[in-house]
Amino acid sequence: MRIAIPRETHPGENRVPITPEVAKKLVRMGAELLVEAGMGAGAGYADADYTEAGATISSDRASLISGADMLLRLRKPTPDEIGQMKRGCIHVSYLDPFNEHGLVNTFKDAGITSISMEMIPRTTRSQKMDALSSQANLAGYVAVIEAAAALPRIFPMMMTPAGTLKPANVFVIGAGVAGLQAIATAKRLGAKVTAFDTRPVTAEQVRSLGAKFLEIDLGETGETSGGYAQELTPEQVEKQRQAQKDLIAKSDVVITTAQVFGRKPPVLVTKDMVEGMQPGSVIVDMAAETGGNVEGSVPNETVTIGGVTVIGKGNLAGEVARDASQMYSSNLFNLVEDCWDKEKNEFVISFEHDILPGCIITHGGEITNETIKNIVE
Ligand code: NAD
C-alpha cells in the first residue's frame, strides 16, 4: 500500500504529520512511503532523514497525491486536492467535520474514505491515537508559558532582602486535558491556582494537582456518555459568570479552555469582567479560534482591553512543533498499525473495528458517520 505524506501548507503551521522515526516504523510495517520534499522542515527534519528511514522523496505534489492509496496529514485538504485523489483513497487528518460541511460532501462525492482525527472515540484503548488529547496537553502548557511571558510579574513567591513578592493568582476555567496541563504548569511555576469545570468529576483531579476548585452550584450539569461536558442553559451560564466574577477580578492570569464538543464554546468572561481585572493582567482564551470564552478576544491576535492583555492565539501546540509533531505522528502511526493487515500489507477499513467506524466520516460515496450525516444532510 502506498502511503503519501504531503507537506503542510497552512500558513504558520510548523507541525509535521510524520517524523522520521515513525516513517521508519511505517516502512518496516510494509508500507511504500512517499514524502513530499520539505515536508519535515517545520519541525526541523531534513529530507535526508526520511530517505534514511526508507521513504522516497517526491517534489511533484500533484502526482504524490493522485498516486496515493492513503494520505496521512495534519490539516484538512483543499477541494482541489480532493479532486486529485483517486477514488477509494483513504485520507486521515483533522477535518473539523461539524463545521466543514462542504468538505464532507466533496469527500463523499469523490468516493474518498475520510477519517477525522477529532472523531477518534475517547476510550481507554484509543488513548494512543487520541490527537485531541496529545495536542491539547501541549497547548495547555504553552498557554501558561505565553501568559507568564506577557505578565509584568513573576509566578512564584519570592522572599528577598529587597522585599517579598506574592505568588501570581491564576484561574483556569475548564479542567479537561488542556486545563489540567495548564493547572500543572502554573503550579510548577509557583503560582496560586484555582480552577472550575462544570463536570463534577474534575474537582478531585484539580485538587490532586495542588490547586483549589471553585465551588459553584449550577444544579444538574452532568456529562455525555463520551465524557464531554453538557451544554449549560443560558441561566446556568449567567450563574457561572456571576460566581466567577470576584475571582477573575483578583486574578493576575485567567486561562479559559471551556469547550462543548460539536458546539460553540460558551462566553464565560464578559467585557466588564475583563475590565474589572488589574491593568497588566493577562487572559489566554484557548477557545478563541472556535468562537471564544472571552468577550472581545480575537482569534490569533493579542488585544488590550482596559489595560488587560487578551491572547487569542490559536494552534498553541504548534508553538512547540517538534514535540507536537512527535505526538501527532505517534497518534497517526498507532491508528494505522491497529488497522494494518500484515499479510496483505494494507490498511483495512472495517466497520466491525471498535474504534474506526466512529472516526470514518465518508466511505464508498456515502457519509457513514451518523452524527455528521444528521448535521450535513
Ligand atoms: P474539551 O476540550 O471538550 O473541553 C474542555 C473542558 O471544558 C472540559 O473539561 C469541559 O468539561 C469544560 N467545560 C465545558 N463547559 C464549561 C463551562 N461552562 N465552564 C467550565 N468548564 C467547562 O474537553 P477535553 O479536554 O477534550 O476532554 C473531554 C473529556 O474527554 C473529559 O472527560 C476527558 O477526561 C475525557 N477524555 C478521555 C480520554 C480517554 O479516556 N481516552 C482521553 C482524553 C479525554
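The name given to the protein chain in an unreviewed UniProt entry is proton-translocating NAD(P)(+) transhydrogenase, with Mangrovimicrobium sediminis as the source organism. Per UniProt, the protein chain has the following entry under Catalytic activity (unreviewed entry): "NAD(+) + NADPH + H(+)(in) = NADH + NADP(+) + H(+)(out)". If you open the UniProt record of the protein chain and go to Function (unreviewed entry), you find "The transhydrogenation between NADH and NADP is coupled to respiration and ATP hydrolysis and functions as a proton pump across the membrane."

Draft legend 1. Fine view of the domain arrangement of the protein chain. Taken domain by domain, the protein chain consists of domain 1 (2–116 + 322–364) and domain 2 (136–319). Using C-alpha coordinates to define each centre, domain 1 is positioned 34 Å away from domain 2. In this assembly, six residues from domain 1 lie in contact with five residues from domain 2. For the side of domain 1 that touches domain 2, the residue count by class is two nonpolar, one polar and three charged.

Draft legend 2. A look at the environment of Q278. Here Q278 is to be found in the loop between α10 (271–275) and β13 (282–285). The spacing of Q278 and L71 is 207 residues in sequence and 49 Å in space, taken between C-alpha atoms.

Draft legend 3. Up close: helix α6 (residues 131–150). Taking 1.5 Å per residue, 20 residues should reach 28 Å; α6 reaches 28 Å between its end C-alpha atoms and fits that length. The buried fraction of α6 is high, at 15 of 20 residues.

Draft legend 4. View of the sheet that holds strand β12 (residues 253–256). A sheet is described by the order of its strands in space; here seven strands give the open sequence β11-β10-β9-β12-β13-β15-β14, paired in mixed fashion. Two strands bound the open sheet, and with one partner strand each, they are β11 (212–213) and β14 (302–305). Taken together, the four bridges between β12 and β13 define a ladder with parallel strand orientation. Across the sheet, the residue bridging to T256 is D285, located in β13.

Draft legend 5. The packing of helix α1 (residues 20–29) against helix α11 (residues 321–338), seen in detail. Where α1 meets α11, the closest approach of the two axes is 10 Å, and the angle between their N-to-C directions is 10°. Relative to α11, the element α1 lies roughly parallel. For the pair formed by α1 and α11, the contact residues are V22, K25, L26 and M29 on the first element and S329, S330, F333, V336 and E337 on the second. In terms of residue class, the contact of α1 with α11 is made up of five nonpolar, two polar and two charged.

Draft legend 6. The sheet that holds strand β4 (residues 70–72), seen in detail. One open sheet accounts for eight strands, arranged β3-β2-β1-β4-β5-β6-β18-β19; its pairing is mixed. What marks the edges here is a single partner per strand, and that holds for β3 (56–58) and β19 (366–367).

Draft legend 7. How the structure looks around the nonpolar core. Among the nonpolar cores identified, the biggest contains 107 residues, and A143, V172, I183, I255 and I283 are the most heavily contacted of them. Broken down by element, this core gets its largest block of residues, nine residues, from α6. When residues are assigned to domains, this core turns out to be shared by domain 1 (2–116 + 322–364) and domain 2 (136–319), each giving three or more. In this structure, I283 is in contact with V254, V269, V274, V294, V308, V310 and I311, ignoring residues within four places of it in sequence.

Draft legend 8. Spatial organisation of the site of the ligand. Taken together, 32 residues surround the ligand, and among them G174, G176, G227, A229 and Q259 come closest. Of all the secondary-structure elements, those providing two or more residues to the shell around the ligand are α6 and α7 (177–188). When the residues that make up the shell around the ligand are grouped by side-chain class, the tally is 15 nonpolar, 13 polar and four charged.

Draft legend 9. Quick peek at α11. Given a rise of 1.5 Å per residue, 18 residues ought to cover 26 Å, and the 25 Å separating the end C-alpha atoms of α11 matches this to within 8%. Where the residues of α11 are buried, they touch α1, β4, β5 (90–93), α6, β16 (340–341) and β17 (346–347).

Draft legend 10. Main features of the packing of α6 against α7. As a packed pair, α6 and α7 sit with axes 7 Å apart at the nearest point and diverge in direction by 35°. Considering only the axes of α6 and α7, their crossing is right-handed. Residues S133, A136, N137, A139, G140, Y141, A143 and V144 of α6 form the contact with α7, whose participating residues are V177, A178, G179, L180, Q181, A182, T185 and A186. Across the contact of α6 with α7, the residue classes break down as 10 nonpolar, six polar and no charged.

What counts and what doesn't
Counting of residues starts from 1 at the beginning of each chain's written sequence and follows it residue by residue. Per-residue local features of the predicted model are confined to residues with pLDDT of at least 70, and side-chain atom pairs are confined, for both listing and counting, to 80 or more; whole-chain, interface and lining totals are unaffected and use all residues. UniProt positions are given in the numbering used here, feature names are shortened, and annotations may be inferred rather than shown by experiment. Segmentation into domains, and thus their bounds, comes from an automatic or database assignment. Throughout, a residue-residue contact means that the two C-beta atoms, derived from backbone geometry, are no farther apart than 7 Å. Charged means Asp, Glu, Lys or Arg here, nonpolar means Ala, Val, Leu, Ile, Met, Phe, Trp, Tyr, Cys or Pro, and polar covers whatever is left, Gly included. Every helix listed is a DSSP run of H or I at least four residues long, and every strand listed is a run of E at least two residues long, numbered separately from the N terminus. The length a helix should cover is 1.5 Å for every residue beyond the first. Field definition: a residue is buried when 20 or more other C-beta atoms are found within 10 Å of its C-beta, exposed when 12 or fewer are, and partly exposed for counts in between, with C-beta atoms placed from the backbone. For two strands to be treated as a pair, DSSP must find at least two bridges joining them. Between N-to-C directions, angles span 0 to 180 degrees; the directions come from axes that are lines fitted to C-alpha atoms, helices contributing only their stretch in contact. In these notes the angle categories are as follows: under 35 degrees is roughly parallel, over 145 is roughly antiparallel, 65 to 115 is roughly perpendicular, and the rest is oblique. Joined through C-beta atoms within 7 Å, a set of buried Ala, Val, Leu, Ile, Met, Phe, Trp, Tyr and Cys residues constitutes a nonpolar core. Using a C-beta atom placed from the backbone, a residue is scored as near a molecule or strand whenever that atom is within 6 Å of it. Two helices cross in a left-handed way if the nearer one is turned anticlockwise from the farther one by less than a right angle. They cross in a right-handed way if the turn is clockwise.

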